[in-house]
Amino acid sequence: MKMPRPARIMDSVSCEECGELTMETRTRRFRGKTLCIPCFGRIEQR
Ligand SMILES: [Zn+2]
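Criteria and cut-off values
Residues numbered from 1 in each chain as written. Predicted model: local features only at pLDDT ≥ 70, side-chain atom pairs only at ≥ 80, totals over all residues. Heavy atoms only, no water. Helix = DSSP H or I, 4+ residues; strand = E, 2+ residues; numbered from the N terminus. Contact = heavy atoms within 4.5 Å. Areas by Shrake-Rupley, 256 points an atom, 1.4 Å probe, with all protein chains shown as cover. Lys, Arg positive; Asp, Glu negative; His and termini not counted. Charge placed at Lys NZ, Arg CZ, Asp CG, Glu CD. Donors = N, O, S within 2.8 Å, 3.2 Å for Na, K, Ca; no water. Tetrahedral: all angles 85-135°; square planar, octahedral: opposite > 155°, others 65-115°. Phe/Tyr/Trp six-rings, centres within 6.5 Å; stacked < 30°, edge-to-face > 60°. Buried < 20%, exposed > 50% of the residue type's maximum accessible area, 1.4 Å probe, protein only. Core = buried A, V, L, I, M, F, W, Y, C linked by side-chain atoms within 4.5 Å.

## What about the overall build of the chain?
Next, step 1: Secondary structure summary: the chain contains one helix and four strands in total.
Next, step 2: Ordered by position in the sequence, the α and β elements of the chain form the string β-β-β-β-α.
Next, step 3: Judged by the C-alpha coordinates and their principal axes, the chain covers about 50 × 15 × 15 Å.
Next, step 4: Within the chain, contacts between residues separated by at least 24 positions form 5% of all contacts whose residues are at least 6 apart in sequence.
Next, step 5: Carbon together with sulfur atoms contributes 51% to the accessible area of the chain, which is approximately 4,400 Å² in total.
Next, step 6: Positive and negative charge centroids in the chain, built from 10 and 6 side chains respectively, lie 3 Å apart.

## Some remarks on the coordination of the zinc ion
Next, step 1: Protein-derived ligands of the zinc ion are Cys 15 (SG), Cys 18 (SG), Cys 36 (SG) and Cys 39 (SG), with the metal-ligand distances lying across 2.3 Å.
Next, step 2: In this structure, the zinc ion is surrounded by four donor atoms whose angles at the metal cover 105 to 113 degrees, and the resulting shape is tetrahedral.
Next, step 3: Within one chain, the residues donating to the zinc ion are spaced in sequence as C-x2-C-x17-C-x2-C. With a gap of 21 residues between them, Cys 18 in the loop between strand 1 (12–14) and strand 2 (21–23) and Cys 39 in helix 1 (residues 37–45) connect regions that are remote in the sequence.

## Observations regarding the packing of aromatic side chains
Next, step 1: Within the structure shown, the criterion is met by one aromatic pair.
Next, step 2: The interplanar angle of 75 degrees and the centroid separation of 5.9 Å between the aromatic rings of Phe 30 and Phe 40 together place this pair among those described as edge-to-face. Within this pair, whereas Phe 30 is found in strand 3 (residues 27–30), its partner Phe 40 is found in helix 1, the two being separated by ten residues in sequence.
Next, step 3: Given the relative accessible area of 17%, Phe 40 is considered buried.

## Description of the nonpolar core
Next, step 1: In this structure, Cys 15, Leu 35, Cys 36, Cys 39 and Phe 40 together form the largest nonpolar core, which totals five residues.
Next, step 2: Listed by contribution, the elements that provide at least two residues to this core are strand 4 (33–36) and helix 1.
Next, step 3: Residues contacting Cys 15, with those up to four places away along its chain left out, are Glu 20, Thr 34, Leu 35, Cys 36 and Cys 39.

Following this line, the structure appears as structure tokens:
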């Protein structure tokens, strides 16, 4: 009997730039990295 996984309501992922835990829906993908919005904006502006 398998253990059911917890319901995925709001998955949090950590930003690969600053390590901040961010809701998956509030992250952005950039070149294979998962970034929070502030990091995404900062990197994209360069
Ligand atoms: Zn970040």
